[in-house]
Amino acid sequence: MYRSRNRGRANGSEGIKGPNSALTQFLQEEGISAELIRQRWLENQVTGETDISTKESSSSVDVKTLDKSIKEEEEEEDRNSVNLESESSDDEGSSSRRRKFKTIDSDEEEYVEDSGTEVSITNNIQRKSSRLNPDHPSAKKKTKEILQSRKRKRNRAADLLNRKTVRLPRLQSLCIHKISENIKRLQSEDSGTTRGDLSSTIYSKLRKVLGGISTNNLENLSKALSKNRALDDNTLQLFLKTELTSLTFHDCSKLSFEGYKSLAIFSPHLKELSLQMCGQLNNESLLYIAEKLPHLVSLKLDGPFLINEATWEEFFGIMKGRLKEFHISNTHRFNDSSLSCLLRNCGSSLESLGLSRLDCVFNYSLIPQYLNNPAFHTISIQYPYNEEDVNDEVVINILGQVGANIRTLTLDGCQGLTDSMLINGMSAFLSDNKNLENISLSELDQITSDGLIYFLSQTPMPNLKSCSFAKCLNIGNPAVAELFANEAKDSLIYLNLNSMKELTSELFEIMFCPNLEHLDVSFVRCINDESVKIIGNQNPKLKIMDIFGDNLVTSNATIRDGLTVIGRQSDSI
């Protein structure tokens, strides 16, 4: 804390005059200035470097003379320190700092007045030389070790984030990885050929080297290409003229509208198609898909923002009576009229419906009016533009229509929902449902422990496999303890408790989920080394545990064999 140096002094020649303080006046009287200190420091550095070079070349450094000069300087500084203390006790800290600044490496070099003085000084000079000179062998060795350690840590962190737990991958995985790596090289070598010739070249090389690629492995290849951002119109040819009935592309950002048309023409057997990040899918391509894929019953699209309202209406007219699954996300051009057209034409045949981040859909109350298929099993409504658009009444009506046989219920980000939805909707219409497999209620900040306890106590879920209450900030120990007492604990495979700040470490002492494989307790502040040990021991099939943001988990945590802990601070780069 700042303390005035002029407190208690009378106004006079000793006081502050303009910008000059008592310390400044003292330094001026003693002839001490910042420039003088700087010059002396530079001289000492030059002298030190000269001594080092002389020692390395001829080993004729006069150590005793150097020791004597250093001691004289230290004695002179002691005298200055005594004078400074007599002038003002408040200047003691500044004098100490100045003394350290003037001394030659006084913070690192120690001198003793005995027979070992020369050896000590010589060793210190050598250490300083290796530290200052980056070309010194010891400095190079240390730098190399640091870089290798960083590389190992970076690779280990990358493996954890990629969920890599097997050290030796399968031969098929290695082949697919190698294919995806070399496709770009093959394209550059055959840049002068046409698309059809390039496709034939790729197939011939695959048959020659690997004997072709099976239909089952095409899905793995599509994942590898998407991960490397290598899926484009050329690599798409690998998936054409095949017997594929289901295809998922996780990154279609480089596919042109012509590529989508080729896919529709040359893969007529497709029944299920998922196109993520399909920003170049246009009106013509979507209609091609509807017309040229007569067996298509499932379509999932992410980011089709080029499709206009008229095309959606025509598309749903073509797909009338045969579209069973439709999921769409991240587009502002799918509006209430498009939703109404979907429900009017395909509502009676729909078995799965997913709507996520649709900025122009507001009338979600249309959904329960058209869903009348007894085989309907999946409803997913995520992140509506206005939270009041998806309220308790809308969800209660939907569950009243399809809740008896539903298998998947996802309401992530529907922040307008309260305990009324849990009590009057889920508890009322899901209590007799034995088929429920997936529940996701992430980011519902208005539901509380009381409402969730009532739902879990009234609804046995013997087949529940996935459950998420991530970022439900008002849910505490009693509600999650009720989940661990439910029949669902025996069938759970995935559980997400991310950011549930009300939980305590005592809760996990009663956690026994025999089939749980993946647990996310990131940003749960109570998780510590002991919690990790208990959770691992009490859940024998647990393979992955996310603990991002749990800073109480250290490198000393006991992790059983077979369990991968991801997000620990000590494992980060």
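Residues numbered from 1 in each chain as written. Predicted model: local features only at pLDDT ≥ 70, side-chain atom pairs only at ≥ 80, totals over all residues. Heavy atoms only, no water.

*Asks:* Report on the overall build of the protein, specifying residues and quantitative values.
*Replies:* Looking only at helices and strands, the protein features 19 helices and 13 strands. A total of 573 residues make up the protein; the buried ones form 43% of that total. Contacts in the protein between residues far apart in sequence, at least 24 positions, make up 72% of those at least 6 positions apart. In the form shown here, the protein has an accessible surface area of approximately 30,000 Å², with 48% of it arising from carbon and sulfur atoms. (Helix = DSSP H or I, 4+ residues; strand = E, 2+ residues; numbered from the N terminus. Buried < 20%, exposed > 50% of the residue type's maximum accessible area, 1.4 Å probe, protein only. Contact = heavy atoms within 4.5 Å. Areas by Shrake-Rupley, 256 points an atom, 1.4 Å probe, with all protein chains shown as cover.)

*Asks:* Tell me what's going on with the state of the cysteines, and back it up with residues and numbers.
*Replies:* This structure, assessed with the given rule, holds 0 disulfides. Here Cys 341 is not cross-linked by a disulfide; its sulfur's nearest cysteine counterpart is in Cys 346, at 7.8 Å. For Cys 341, a relative accessible area of 4% gives the class buried. Residue Cys 346 is classed as buried on the basis of its relative accessible area, which comes to 0%. (Disulfide = S-S within 2.5 Å.)

*Asks:* Break down the environment of Gly 279 for me, citing the residues and quoting the values.
*Replies:* Counting through the fold element by element, Gly 279 comes out in the loop between β2 (272-275) and α11 (283-292). The class of Gly 279 is buried, set by a relative accessible area of 19%. As a C-alpha pair, Gly 279 and Ser 253 span 26 residues in sequence and 6.2 Å in three-dimensional space.

*Asks:* Account for the packing of aromatic side chains, naming residues and giving values.
*Replies:* Under the defined criterion, the tally for this structure stands at 10 aromatic pairs. Relative to Phe 316, the ring of Trp 312 lies with its centre 5.7 Å away and its plane at 15°, an arrangement referred to as stacked. Taken together, the positions of Trp 312 and Phe 316, both in helix α12 (residues 309-318) and 4 residues apart, correspond to about one turn of that helix. Given the relative accessible area of 0%, Phe 316 is considered buried. Among the aromatic residues, ring-to-ring pairing joins Trp 312, Phe 315, Phe 316, Phe 326 and Phe 334 into one connected group. (Phe/Tyr/Trp six-rings, centres within 6.5 Å; stacked < 30°, edge-to-face > 60°.)

*Asks:* If you had to explain the packing of helix α10 (residues 257-266) against α11 to someone new, which residues and values would you point to?
*Replies:* For any two helices packed against each other, the geometry is given by the interaxial angle and the distance between the axes. Running from N to C, α10 and α11 point in directions that differ by 5°, and their axes come no closer than 9 Å. One way to sum up the angle between α10 and α11 is to call them roughly parallel. From α10, Phe 257, Tyr 260, Lys 261, Ala 264 and Ile 265 reach across to α11, where they touch Glu 284, Ser 285, Tyr 288, Ile 289 and Lys 292. Taken together, the residues of the contact of α10 with α11 sort by class into 6 nonpolar, 1 polar and 3 charged. (Axes fitted to C-alpha atoms, helices over the stretch in contact; angles between N-to-C directions. Parallel < 35°, antiparallel > 145°, perpendicular 65-115°, else oblique. Nonpolar A, V, L, I, M, F, W, Y, C, P; charged D, E, K, R; others polar.)

*Asks:* Tell me about helix α19 (residues 529-538), and please be specific about residues and values.
*Replies:* Here α19 has its buried residues at Ser 531, Val 532, Ile 534, Ile 535 and Gly 536. Contacts made by the buried residues of α19 are with β11 (518-520), β12 (544-546) and β13 (564-566). Here α19 starts with a cap whose side-chain oxygen sits 3.2 Å from the backbone nitrogen of Glu 530, and that cap is Asn 528. (Polar contact = N/O pair within 3.5 Å; in protein donor to acceptor, adjacent residues only side chain to side chain.)

*Asks:* Explain the side chain of His 377 residue by residue, including any values.
*Replies:* Along the chain, His 377 turns up in the loop between α14 (367-370) and β6 (378-382). A relative accessible area of 15% means that His 377 is categorised as buried. Sequence-distant contacts of His 377, defined by excluding residues within four places in its chain, comprise Glu 351, Ser 352, Asn 405, Ile 406, Arg 407 and Thr 408.

*Asks:* Which residues make up the pattern of salt bridges, and what values do they have?
*Replies:* Summed over all chains, the structure comprises 5 salt bridges. Lys 300 serves as the salt-bridge partner of Glu 325, at 3.5 Å between the closest nitrogen and oxygen. Here Lys 300 lies in strand β3 (residues 298-302) and Glu 325 lies in strand β4 (residues 325-331), a separation of 25 residues in the sequence. Accessibility expressed as a relative area gives 18% for Glu 325, which makes it buried. The shortest N-O distance in the salt bridge between Lys 489 and Asp 490 comes to 3.7 Å. In this structure Lys 489 comes out as partly exposed when scored by relative accessible area, which is 23%. (Salt bridge = Lys/Arg side-chain N within 4 Å of Asp/Glu carboxyl O.)

*Asks:* Lay out α11 in plain terms, naming residues and giving numbers.
*Replies:* By the burial criterion, the buried members of α11 are Ser 285, Leu 286, Leu 287, Ile 289 and Ala 290. Contacts made by the buried residues of α11 are with α10, β2, β3 and α12.

Function-wise, these values are silent; they only describe arrangement.
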